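# A look at the structure
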Amino acid sequence: MSLGAGCTSSASRPEAGSKAAEEPPRPGPDELLLERRSADGAVTAEWWGEPPEPLEPWRSPSYPPEYGVNALYFRFAGDPRRYRFTPAGTLYFSDWHPQIFSPRGDFVVLLQDRFGPYHVVARHRLRGYLEGELVPDAVIAWERGGEGSFVPVHGEIRWPDADTVEVLYDSESPEWRRYSLPGAGAP
């Protein structure tokens, strides 16, 4: 199975002590900002936070809703609970992107930190992943040149087709790189 440069497959179990990801949205000013469903409707992603306001409403542009995101939750058909996605590192206001489902909805790609990596998780394994019971199906990251070497901000993703994801590595010279998803091209 070819995962492409910088993309590795995972087969081991997560570290002991993983906490369950199930949580209701936080009380307070947070509201549902964005909602996306997998192609088959089996999984719904909900981005919660505070709507971003322009600095100067009379002349500033409108900001995209994802700029106000504080948390990402998933709901599964037939299950009333919400499962919170907890990234391994820090995601800033500009790091949340809504195009996480592959076109067929069989994979979800989740950024773990501003500098990566992305976790690729098969939709049918997503609940176990969010509960800390399963590892991702693949990991996509910038190839480091050595300890302390440059790592660009891991930006948005796009889907040129159902079996391929492209990642924007954002720096002074932004670069899109293409990765085949696990099992791509399999019968």
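Whatever comes next refers back to the structure up there.
The structure displayed is predicted, hence computed values, not measured ones. (Residues numbered from 1 in each chain as written. Predicted model: local features only at pLDDT ≥ 70, side-chain atom pairs only at ≥ 80, totals over all residues. Heavy atoms only, no water.)

## As for the overall build of the protein chain
Heads up, the condition is: Helix and strand assignments come from DSSP, with helices taken as H or I runs of at least 4 residues and strands as E runs of at least 2, each series counted from the N terminus. Throughout, exposure labels follow a simple rule: accessible area from a 1.4 Å probe, protein chains only, divided by the maximum for the residue type, with under 20% read as buried, over 50% as exposed, and the rest as partly exposed. Contacts were defined at the residue level, with two residues in contact if any of their heavy atoms lie within 4.5 Å. A 1.4 Å probe and the Shrake-Rupley method give the accessible areas. Residues count as covered only by the protein chains that appear here.
Scanning the protein chain from terminus to terminus reveals one helix and 11 strands. Taken from N to C terminus, the helices and strands of the protein chain fall in the order β-β-β-β-β-β-β-α-β-β-β-β. Sorting the 187 residues of the protein chain into buried and exposed places 42% on the buried side. In the protein chain, the share of contacts with a sequence separation of at least 24, taken over all contacts with a separation of at least 6, comes to 51%. Total accessible area computed for the protein chain in this model is approximately 10100 Å², and 50% of it derives from carbon and sulfur atoms.

## Examining the environment of Arg127
With respect to the secondary-structure elements, Arg127 resides in helix α1 (residues 126–130). Sequence separation between Arg127 and Phe85 is 42 residues; the distance between their C-alpha atoms is 9.9 Å. Setting aside anything within four residues of it in sequence, one finds Arg127 in contact with Phe76, Asp79 and Tyr83.

## Some words on the nonpolar core
Using the following cut-off: Put simply, buried Ala, Val, Leu, Ile, Met, Phe, Trp, Tyr and Cys residues joined by side-chain atoms within 4.5 Å make one nonpolar core.
Counting residues in each nonpolar core, the largest one holds 38 residues, and the members touching the most others are Leu72, Phe74, Phe85, Ile100, Leu110 and Leu126. The residues contacting Phe85, other than those within four sequence positions of it, are Leu72, Phe74, Leu91, Trp96, Leu110, Leu111, Gln112, Tyr129 and Leu130.

## Concerning the sheet that holds strand β3 (residues 43–49)
Each strand in a sheet pairs with another by means of backbone hydrogen bonds, the pair being arranged parallel or else antiparallel. As a reminder, the rule being used: DSSP bridges decide pairing: two strands pair if at least two such bridges lie between them. Axis definition: a line fit to C-alpha positions, over the contact stretch in the case of helices; interaxial angles, taken between N-to-C directions, run 0 to 180 degrees.
Judged by pairing direction, the sheet is antiparallel, and its four strands sit side by side in the order β2-β3-β4-β5 without closing on themselves. Looking at which strands have only one partner, the edges of the open sheet turn out to be β2 (31–37) and β5 (79–85). On average, each strand axis in the sheet is tilted by 30° relative to the strand beside it, whichever way the strands run. Bridge count between strand β4 (residues 69–76) and β5: five bridges; the pairing is antiparallel. What sits directly across from Tyr73, in β5, is Arg84.

## Observations concerning the sheet that holds strand β9 (residues 153–161)
Ordered by their spatial adjacency, three strands build an open sheet running β9-β10-β11, and the pairing between neighbours is antiparallel. In this open sheet, the two strands that pair with only one neighbour each are β9 and β11 (175–180). Between one strand axis and the next, the sheet turns through 25° on average, direction left out of account. Looking at chain direction, strand β10 (residues 164–170) and β11 are connected through six bridges and run antiparallel. Counterpart to Glu166 in the pairing with β11 is Arg178.

## Focus: a nonpolar patch on the surface
Rule in force here: Distance thresholds for patches are 9 Å for like charges and 5 Å for nonpolar side chains (Val, Leu, Ile, Met, Phe, Trp, Tyr), applied to residues having over 30% relative accessible area and no salt bridge. We count a salt bridge whenever a side-chain nitrogen from Lys or Arg sits within 4 Å of a carboxyl oxygen from Asp or Glu.
Taken together, the side chains of Tyr63, Tyr67, Tyr92 and Phe93 make up a nonpolar region of the molecular surface, amounting to roughly 390 Å² of accessible area. Considering the arrangement of structural elements, one finds Phe93 in the loop between β5 and β6 (107–111). Taking the relative accessible area as the measure of exposure, Phe93 reaches 47% and is therefore partly exposed.

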